[in-house]
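Take a look at the letters that make up each chain.
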Amino acid sequence: MTPLLCVKNVAKRLGSHQAVDGVTFDVARGEAMAILGASGSGKTTLLRLIAGLETPDHGEIWLDGTRVAAHGRTLKAPHERRVGFVFQDLALWPHMTVQQQLEFVLGSMNVARSAQAARITDALTLVRIDRLARRYPHELSGGEQQRVALARTLVAQPRLILFDEPLASLDPELRAHLRQELKSLQRSLGVTSIYVTHDRDDAAVVADRILHMKAGEISV
């Protein structure tokens, strides 16, 4: 079976810094993979390349059998890739309620308003925050905000979800609890995911397979 994601000899320089250096790996459909590495190792840049937020200088990126970036060019824009991104700082919009955050995502995808309510309810129920739909981010705990960010990603029904250290700012007890929840949710949905972290415990819990990244290079 064709892997969902293929990264082939991808490189990216940011100024004078070689952020990603000849990276190659595949991710199978339904696989939860972690990329473990210290700060500055290139993990976030690699995710941004996969999502289409950066263009590789060299190499190719394939999604579901389609080449989306190659030879210094972006061939498929981010909104065409069906890739969800959960950012480290969550990037929740402070002036929108939980429900409005999800409505905005669906509206930008031109999903009919008649279909939006059911998708929003499903996403909020999956992460167990349906009771918080009318609240604003500042009214939520850190763990609840994490769930909103995940629901906002899930409502778009992505084929691949990228997690950029989403638990880094949480206290150890909540972090341990949410990493187990992420693992359970990924298993129940069967969604393909890449989780980057500097925390070995996070990687061990959430991932089926762990790759290590150092100075822009990947190793098993």
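Above this note sits the structure.
Quick caveat, the model's predicted, so the values are computed rather than measured.

Rules and cut-offs
Residues numbered from 1 in each chain as written. Predicted model: local features only at pLDDT ≥ 70, side-chain atom pairs only at ≥ 80, totals over all residues. Heavy atoms only, no water. Pairing = 2+ DSSP bridges. Helix = DSSP H or I, 4+ residues; strand = E, 2+ residues; numbered from the N terminus. Contact = heavy atoms within 4.5 Å. Axes fitted to C-alpha atoms, helices over the stretch in contact; angles between N-to-C directions. Expected span 1.5 Å × (residues − 1). Buried < 20%, exposed > 50% of the residue type's maximum accessible area, 1.4 Å probe, protein only. Core = buried A, V, L, I, M, F, W, Y, C linked by side-chain atoms within 4.5 Å. Phe/Tyr/Trp six-rings, centres within 6.5 Å; stacked < 30°, edge-to-face > 60°. Lys NZ or Arg CZ within 6 Å of the ring centre and 35° of its normal.

**Some words on the sheet that holds strand S1 (residues 5-14)**
Hydrogen bonds between backbone atoms are what pair the strands of a sheet, whose relative direction is either parallel or antiparallel.
Item 1. Spatial strand order, S2-S1-S4-S5-S6: five strands in an open sheet with antiparallel pairing. The two strands at the open ends of the sheet, each matched to only one other strand, are strand S2 (17-27) and strand S6 (73-74).
Item 2. Pairing geometry for S1 and strand S4 (residues 58-63), over five bridges, is antiparallel. Within S4, the position partnered with Ala-11 by the bridge is His-58.
Item 3. Lying on the sheet, helix H1 (residues 43-51) is in contact with S1, S2 and S4; it crosses S2 at an angle near 60°.

**Overview of helix H4 (residues 142-154)**
Item 1. Look at H4: 19 Å from first C-alpha to last across 13 residues, which is about the 18 Å you get at 1.5 Å a residue.
Item 2. Most of H4 sits inside the fold, with eleven of its 13 residues counted as buried.
Item 3. Listing the buried residues of H4 in full gives Gly-143, Glu-144, Gln-146, Arg-147, Val-148, Ala-149, Leu-150, Ala-151, Arg-152, Thr-153 and Leu-154.
Item 4. Buried residues belonging to H4 abut strand S7 (83-86), helix H2 (98-108), helix H3 (113-126), strand S8 (160-164) and helix H5 (172-189).

**Notes on the nonpolar core**
Item 1. Ranked by internal contacts, the top residues of the largest apolar core, which has 37 residues, are Leu-124, Ile-129 and Leu-150.
Item 2. Breaking this core down by element, the ones donating at least two residues are strand S3 (32-36), H2, H3, H4, S8, H5 and helix H6 (200-206).
Item 3. Residue contributions to this core peak at five residues, all from H4.
Item 4. Counting 28 residues, the second-largest nonpolar core is a separate cluster that includes Ala-19, Val-23, Val-83 and Leu-162.

**Some points on the pairing of strand S10 (residues 209-214)**
Item 1. Bridge analysis of S3 against S10 gives four bridges, and the strand direction is parallel. By the bridge assignment, Met-33 is partnered in S10 with Arg-209.
Item 2. The sheet contact formed by S10 and strand S11 (residues 217-219) spans three bridges and is antiparallel. Counted as the bridge partner of Lys-214 is Glu-217 from S11.

**Quick look at the packing of aromatic side chains**
Item 1. Tallying each qualifying case throughout the model produces three aromatic pairs.
Item 2. Here Phe-85 and Phe-87 contribute two aromatic rings whose centre-to-centre distance is 4.3 Å and whose plane-to-plane angle is 5°, an arrangement assigned as stacked.
Item 3. Taken together, a centroid distance of 4.9 Å and an interplanar angle of 65° make the contact between Trp-93 and Phe-104 edge-to-face. Linking Trp-93 in the loop between S7 and H2 with Phe-104 in helix H2, this pair joins segments that are eleven residues apart in sequence.
Item 4. Arg-152 extends its terminal NZ or CZ atom over the ring of Trp-93, reaching a point 4.5 Å from the ring centre.

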